[in-house]
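The primary structure of each chain is shown beneath.
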Amino acid sequence: MYSRGVADTTIKITDEIRDRLRTLAEERGTSTRSFVERLISEIPTHAEREERTARALAYVRTNLCPDLTDDDVRRAQEWRADIVAGRAGGRR
């Protein structure tokens, strides 16, 4: 019997990914379904990331650095993107 609000959904994935999902779920002592639900529910949407960023910036400006400018934030975001892309932070 299914719980209210639960829908059956089929997705096509490779056997390798299916097996990996099963292994990851088993290692955590849960079902594949529960593991996927938890994993997906923890990934923020674009709108959620923007909301978190706005709250964090408001906190920083209120409590830590009142003179933080939008240009400071933009440069920090560019720096982070460079690090993630491997364009900064490596040994030379």
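Predicted model, so just to flag it, every value in this text is computed and none were measured. Residue positions are given per chain, counting from 1 as you read along its sequence in written order. In keeping with the model being predicted, local features are shown solely for residues with a pLDDT of at least 70 and side-chain atom pairs are shown and tallied solely at 80 or more, while totals for entire chains, interfaces and linings include all residues. To obtain the side-chain values, all non-hydrogen atoms of the structure were used and water was disregarded.

### Points about the environment of Val84
Next up, step 1: Here Val84 is to be found in helix H4 (residues 70-84).
Next up, step 2: In this structure Val84 comes out as exposed when scored by relative accessible area, which is 61%.
Next up, step 3: Residues Val84 and Arg33 lie 51 residues apart in sequence; the distance between their C-alpha atoms is 31 Å. Helix numbers and strand numbers start at the N terminus; a helix is a DSSP run of H or I with at least 4 residues, a strand a run of E with at least 2. Exposure is judged per residue with a 1.4 Å probe applied to protein chains only, and the accessible area is read against the type maximum: over 50% gives exposed, under 20% gives buried, and values in between give partly exposed.

### Digging into H4
Next up, step 1: Here the expected span of a helix is defined as 1.5 Å times the quantity of residues minus one. A rise of 1.5 Å per residue sets the reference length of H4, with its 15 residues, at 21 Å; its end C-alpha atoms lie 21 Å apart and thus fit the reference within 8%.
Next up, step 2: Just past H4, the residue Gly86 takes up positive phi, approximately 80°.

### Here's the deal with the environment of Asp19
Next up, step 1: Here Asp19 shows up in helix H1 (residues 15-27).
Next up, step 2: Asp19 sits in the partly exposed class, given a relative accessible area of 35%.
Next up, step 3: Sequence spacing of Asp19 and Thr32 is 13 residues, and the spatial spacing of their C-alpha atoms is 9.8 Å.

### What to know about the environment of Arg74
Next up, step 1: Relative to the helices and strands, Arg74 resides in helix H4.
Next up, step 2: Judged by its relative accessible area of 37%, Arg74 is partly exposed.
Next up, step 3: Separated by 33 residues in sequence, Arg74 and Ser41 place their C-alpha atoms 28 Å apart.
Next up, step 4: Polar contacts, as counted here, are pairs of nitrogen or oxygen atoms within 3.5 Å of one another; within protein the pair requires one atom able to donate a hydrogen and one able to accept it, and residues that are adjacent in sequence qualify only if both atoms are side-chain atoms. For Arg74, the side chain forms a polar contact with the side chain of Glu78, separated by 2.8 Å.

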